[in-house]
Amino acid sequence: MSSNDDQTSSRKEQIFSTAYRLFMQQGYETTTVQAIIREVGIAKGTFYHYFSSKEELLSQLALWQFEGVADLLQAIVDDTTMTALEKFEKLGEHVSMWKLENRELILTITRTLYHPDNLRLRHTFQQQSKESIAPIYAQIIQQGVDEGVFDVSYPRETAELILLLSFGIGDELVALVLKMLEHPQYGEKVKHKLWSFERAIERLLGAEERSLKLYKPEQIDAFAEGEKND
């Protein structure tokens, strides 16, 4: 990596870390671009060199935060002691834990990305997410094929389809999750939706029915109850 690349990476990380702190302290809506650049100590033109808007900053911030657990997820993939099914379950567990630990950021991102005015931003975020996550799932799918528990001809394409399916149910699932924060009874509907999603993934993988366990009910309950504990 060249010195210019190092400088760009360092500057973006400064912006990310500052924006994250301000979003958590002041809230996303009340934090202005001016406040961010004042804290970082950069010109407005420098900010807009990296990000076209505060919304794009938030989208890239989410991916930056996810990179923090990417090595851990890759370590799960590379673990030779686990089966493919165990790895799928472990990945789901760690992603769920990451969401719990970054709950306020996740809610902020969700509300912003799924605003009717941010369709293009959501599409960009989903494409970036697919490029980051698909290779990880493709490796596990290939292992499952080798173990005889998955019947898949094209692991990478199947991984992308799984992610596209998750994006596809996003609108309805997000609406249910946001309702769940105010009305806990919606938690059961969220669980039913995710249960159906698991069964759909099994069909894409050619796996035995009910062999995948990607979501734990107690983690969904913990996410819902977090709002009450703020």
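Going by the structure above, here's the rest.
Residues numbered from 1 in each chain as written. Predicted model: local features only at pLDDT ≥ 70, side-chain atom pairs only at ≥ 80, totals over all residues. Heavy atoms only, no water.

Chemist: Could you clarify how one ought to interpret the pattern of salt bridges in this entry?
Modeler: Where charged atoms of side chains with opposite charge meet at close range, the side chains can pair. Tallied over the entire structure, the rule returns six salt bridges. Close ionic contact of Lys191 with Glu188 constitutes a salt bridge, the shortest N to O distance being 3.2 Å. One end of the pair, Lys191, and the other, Glu188, are both in helix 10 (residues 186-205), three residues apart, so they sit about a helical turn from each other. One salt-bridge network, in which partners are shared between bridges, spans Glu198, Arg199 and Glu202. (Salt bridge = Lys/Arg side-chain N within 4 Å of Asp/Glu carboxyl O. Helix = DSSP H or I, 4+ residues; strand = E, 2+ residues; numbered from the N terminus.)

Chemist: Teacher, can you tell me more about the packing of helix 5 (residues 84-101) against helix 7 (residues 119-147) here?
Modeler: For any two helices packed against each other, one specifies the crossing angle of their axes together with the interaxial distance. Two elements in contact, helix 5 and helix 7, have axes separated by 8 Å at closest approach and are oriented at 155°. The angle between helix 5 and helix 7 places the two elements in the roughly antiparallel class. Contact residues: helix 5 offers Ala84, Lys87, Phe88 and Leu91, while helix 7 offers Ile136, Tyr137, Ile140, Ile141, Gln143, Gly144 and Glu147. Along the lines of polarity and charge, the residues of the contact of helix 5 with helix 7 split into seven nonpolar, two polar and two charged. (Axes fitted to C-alpha atoms, helices over the stretch in contact; angles between N-to-C directions. Parallel < 35°, antiparallel > 145°, perpendicular 65-115°, else oblique. Contact = heavy atoms within 4.5 Å. Nonpolar A, V, L, I, M, F, W, Y, C, P; charged D, E, K, R; others polar.)

Chemist: How should I be thinking about the environment of Leu178 in this particular structure?
Modeler: With respect to the secondary-structure elements, Leu178 resides in helix 9 (residues 170-182). Residues Leu178 and Glu55, 123 residues apart in the sequence, show an inter-C-alpha distance of 20 Å. What Leu178 contacts, discounting residues up to four positions off in sequence, is Leu107 and Arg111.

Chemist: Looking at this structure, I do not really get the side chain of Thr108. What am I missing?
Modeler: Checked against the element boundaries, Thr108 lands in helix 6 (residues 103-113). Of the polar contacts made by the side chain of Thr108, one reaches the backbone oxygen of Glu104; its length is 2.9 Å. Apart from residues lying up to four places away in sequence, Thr108 is in contact with Tyr28 and Leu58. (Polar contact = N/O pair within 3.5 Å; in protein donor to acceptor, adjacent residues only side chain to side chain.)

Chemist: Looking at this structure, I do not really get the environment of Pro217. What am I missing?
Modeler: Looking at where Pro217 falls in the secondary structure, it is placed in helix 11 (residues 217-226). The class for Pro217 is partly exposed, based on a relative accessible area of 44%. Each C-alpha atom of the pair Pro217 and Glu104 lies 20 Å from the other, and the pair is 113 residues apart in sequence. (Buried < 20%, exposed > 50% of the residue type's maximum accessible area, 1.4 Å probe, protein only.)

Chemist: Even after reading the chapter, I still don't get the packing of aromatic side chains, so can you show me in this structure?
Modeler: The geometry of an aromatic ring pair comes down to the distance between the two centres and the angle between the two planes. Here the structure, examined in full by the defined rule, presents eight aromatic pairs. With 5.1 Å between their ring centres and 70° between their planes, Phe23 and Tyr28 make a pair best called edge-to-face. Side by side, Phe23 and Tyr28 carry an identical accessibility label, which is buried. Taking NZ or CZ as reference, Lys54 lies 4.3 Å from the ring centre of Tyr28, over its face. (Phe/Tyr/Trp six-rings, centres within 6.5 Å; stacked < 30°, edge-to-face > 60°. Lys NZ or Arg CZ within 6 Å of the ring centre and 35° of its normal.)

Chemist: Could you clarify how one ought to interpret unusual backbone geometry in this entry?
Modeler: Leaving glycine aside, a negative phi is the common case for residues, and trans is the common case for peptide bonds. Residues other than glycine seldom take positive phi values, yet Arg210 does so here, at roughly 65°. Within the fold, Arg210 resides in the loop between helix 10 and helix 11.

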